[in-house]
Amino acid sequence: MSLAVISSLYRSEAHLPAFTAAVYGFAKRLSERGIEAHYLPILNDASPREREQIDQLAQEINVRYLGRMTPQYVPRETLYASWNRALAQSSALCFAPWNADDIRSTEAAIEGYQALQAGAELVDFPYTRVMLSKRLGIFPRQQRIPAPCSFDSARFTRRSGLGPFFMARRSLYERLGPFDANFRVAGDTEWASRGLSAVKFVPGRANGGDFLVHGDNLSNSGSDREELEVNLIFMRRGASQQLRPADPGALRAAWESWGNPAQLTLPADAADFLWGAEAEARWRRYRRERLQPPALRRWRLALASRGLLYSEEWAMAQRGHDSQ
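To start, this report covers the structure provided alongside it. Note that the structure is a prediction, hence the values are computed from the model and not measured. (Residues numbered from 1 in each chain as written. Predicted model: local features only at pLDDT ≥ 70, side-chain atom pairs only at ≥ 80, totals over all residues. Heavy atoms only, no water.)

1. Remarks on the overall build of the chain
Thinking step 1. A tally of regular secondary structure across the chain gives twelve helices and twelve strands.
Thinking step 2. Relative to the globule expectation of 20 Å for 324 residues, the C-alpha radius of gyration of the chain, 21 Å, shows essentially globular dimensions.
Thinking step 3. Here the chain, with 324 residues, has 51% of them falling under the buried criterion.
Thinking step 4. Taking the intrachain contacts of the chain between residues at least 6 apart in sequence as the baseline, contacts between residues at least 24 apart amount to 72%.
Thinking step 5. Only carbon and sulfur atoms are counted for the fraction: they give 51% of the accessible area of the chain, which is about 15700 Å². (Helix = DSSP H or I, 4+ residues; strand = E, 2+ residues; numbered from the N terminus. Rg over C-alpha atoms; globule rule 2.2 N^0.38 Å. Buried < 20%, exposed > 50% of the residue type's maximum accessible area, 1.4 Å probe, protein only. Contact = heavy atoms within 4.5 Å. Areas by Shrake-Rupley, 256 points an atom, 1.4 Å probe, with all protein chains shown as cover.)

Structure, rendered in structure tokens:
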């Protein structure tokens, strides 16, 4: 059995020193454990500095026999198009994505590899959200916040997305099909959602790694694009109770152009909720509430739970019985 480590990199110069050092250490540890690994960084519209650092890393890994690294340099494409490209270039029997701004845990990767060897098809892990904030607006302070493994194949909700450090078997990829390259943020969760009823999922025990929150993250950011894509996942599944307000115009355009490949008919009440007459105002209220400072947001939700004021966010959480 072998492992493909796939990465899609774009404008990653700021993260490459930490990323290349982490990948080298990771490769050394896996090699010592006898795990055959193929590293496939796909660099989108790479700068000369990105090429230089990745080529140097590839040389060090290949010359020292710490696995095999085969970088590819391509015009800009979506994250999931790059993942599909990487998997098409590898015959490894399982794979693990690695974003340049994250640090993967070798311990978790070994645990996941062993679980996949034992018959699991999909493994996901708890991880640590690393946030940089400024105390009193001046002094930088690092916050390390534990994040649980949230994927749940039995009870799939908006809070059940795959974490950044999941691992999977190639046979599952072949069964579910490639990642939908139209997605930019939530394509991994959309991919996993196709096989919920039959996937052999195992939650990992080890911490999967550090997910750096720096403001430009694609996923786990609550961005308008992320909210739109998560809605598309549940629209495809016919799970109206999991829908949330999103930009009505953008969501409808996405659904009608690429978001509905099976040509499903959206129920009239769901269409009215998402882009009917009240949808724009509802979305703006919901978005405004979710962007409030955490303390104000908690205060508002506490009052709303007691019926002391109306909150769009609280109403939406009750709609799906899934506290946000």
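2. Details of unusual backbone geometry
Thinking step 1. Positioned with a positive phi, Arg11 is a non-glycine residue whose angle comes to about 50°.
Thinking step 2. You can see Arg11 is positioned in the loop between β1 (2–9) and α1 (16–32).
Thinking step 3. Even without being glycine, Asp45 reaches a positive phi, approximately 50°.
Thinking step 4. Looking at the element boundaries, Asp45 is found in the loop between β2 (36–44) and α2 (48–63).

3. A look at the side chain of Arg170
Thinking step 1. For Arg170, the location among the structural elements is in helix α5 (residues 170–176).
Thinking step 2. Despite its burial, Arg170 remains without a salt bridge, the nearest opposite charge being carried by Glu174 at 4.3 Å.
Thinking step 3. At 2.9 Å, the side chain of Arg170 forms a polar contact with the backbone oxygen of Ala92. (Lys, Arg positive; Asp, Glu negative; His and termini not counted. Salt bridge = Lys/Arg side-chain N within 4 Å of Asp/Glu carboxyl O. Polar contact = N/O pair within 3.5 Å; in protein donor to acceptor, adjacent residues only side chain to side chain.)

4. A short note on the pairing of β1
Thinking step 1. Among the eight residues in β1, eight count as buried, and that is most of the element.
Thinking step 2. Taking the sense of rotation as the criterion, the β-α-β connection linking β1, α1 and β2 turns out right-handed.
Thinking step 3. As paired strands, β1 and strand β5 (residues 94–97) are joined by four bridges and run parallel to one another. In the strand pairing of β5, Val5 is matched with Ala96. (Right-handed = clockwise from strand over helix to strand, strands pointing away. Pairing = 2+ DSSP bridges.)

5. Considering the pattern of salt bridges
Thinking step 1. The tally for this structure, following the rule as stated, stands at 20 salt bridges.
Thinking step 2. In this structure, Glu227 engages Arg158 in a salt bridge whose closest nitrogen and oxygen atoms are separated by 3.1 Å. Highlighted residues: Glu227 in helix α7 (residues 224–237) and Arg158 in the loop between β9 (139–147) and β10 (167–169), separated in sequence by 69 residues. For the pair Glu227 and Arg158, a shared accessibility class is recorded, and that class is buried.
Thinking step 3. Close ionic contact of Glu227 with Arg290 constitutes a salt bridge, the shortest N to O distance being 3.7 Å. On the criterion of sequence distance, the pair formed by Glu227 in helix α7 and Arg290 in helix α10 (residues 279–290) is long-range, its members being 63 residues apart.
Thinking step 4. Look at the salt bridges and you will find they share partners, linking Arg158, Glu227, Glu289, Arg290, Arg297, Arg300 and Glu313 into a network.

6. Some words on the nonpolar core
Thinking step 1. Counting 50 residues, the largest nonpolar core has Phe95, Leu122, Phe179, Trp191, Leu232 and Met235 as the members making the most contacts within it.
Thinking step 2. Elements with a minimum of two residues in this core: β1, β2, α3 (79–88), α5, α6 (187–193), α7, α8 (248–259) and α9 (268–275).
Thinking step 3. Beyond its immediate stretch of four places on either side in the chain, Phe179 contacts Tyr80, Trp83, Asn84, Leu87, Phe95, Phe166, Tyr173, Gly187, Asp188, Trp191 and Arg194.
Thinking step 4. Ranked by size, the runner-up nonpolar core spans 36 residues in total, among them Ala22, Leu66, Ala108 and Ala120. (Core = buried A, V, L, I, M, F, W, Y, C linked by side-chain atoms within 4.5 Å.)

7. With respect to the environment of Arg319
Thinking step 1. Among the secondary structure elements, Arg319 is positioned in helix α12 (residues 312–320).
Thinking step 2. Judged by its relative accessible area of 30%, Arg319 falls in the partly exposed class.

8. Let's talk about α9
Because an α-helix completes one turn every 3.6 residues, residues spaced three or four positions apart along the sequence face the same direction.
Thinking step 1. Three or more residues of α9 are buried, namely Ala270, Ala271, Phe273, Leu274 and Trp275. All buried residues of α9 fall inside an arc of 160° around its axis, so they share one side. Across α9 from its buried face, at more than 90 degrees, point the exposed residues Ala268 and Asp269. (Arc of directions from axis to C-beta.)

9. A word on the packing of α7 against α8
Thinking step 1. The contact between α7 and α8 brings their axes to 10 Å, and the two run at 50°. When the axes of α7 and α8 are compared, the pair comes out oblique. Between α7 and α8 lies a crossing whose hand is right-handed. Here Arg225, Leu228, Asn231, Leu232, Met235 and Arg236 of α7 come into contact with α8, specifically with Ala250, Leu251, Ala254, Trp255, Trp258 and Gly259.
Thinking step 2. In the contact of α7 with α8, the residues fall into eight nonpolar, two polar and two charged. (Axes fitted to C-alpha atoms, helices over the stretch in contact; angles between N-to-C directions. Parallel < 35°, antiparallel > 145°, perpendicular 65-115°, else oblique. Left-handed = near helix turned anticlockwise from the far one by under 90°. Nonpolar A, V, L, I, M, F, W, Y, C, P; charged D, E, K, R; others polar.)

10. Points about the environment of Thr106
Thinking step 1. With respect to the helices and strands, Thr106 occurs in helix α4 (residues 106–117).
Thinking step 2. When the C-alpha atoms of Thr106 and Ser240 are compared, they prove to be 39 Å apart, with 134 residues separating the residues in sequence.
Thinking step 3. In this view, Thr106 contacts Phe26, Arg29 and Leu30; residues no more than four positions away in its chain are not counted.

11. As for the side chain of Ser105
Thinking step 1. Locating Ser105 in the fold gives a position in the loop between β6 (102–104) and α4.
Thinking step 2. Among the polar contacts listed, one links the side chain of Ser105 to the backbone nitrogen of Ala108, at a separation of 3.1 Å.

Remember, this is a structural readout, not a statement about activity or role.
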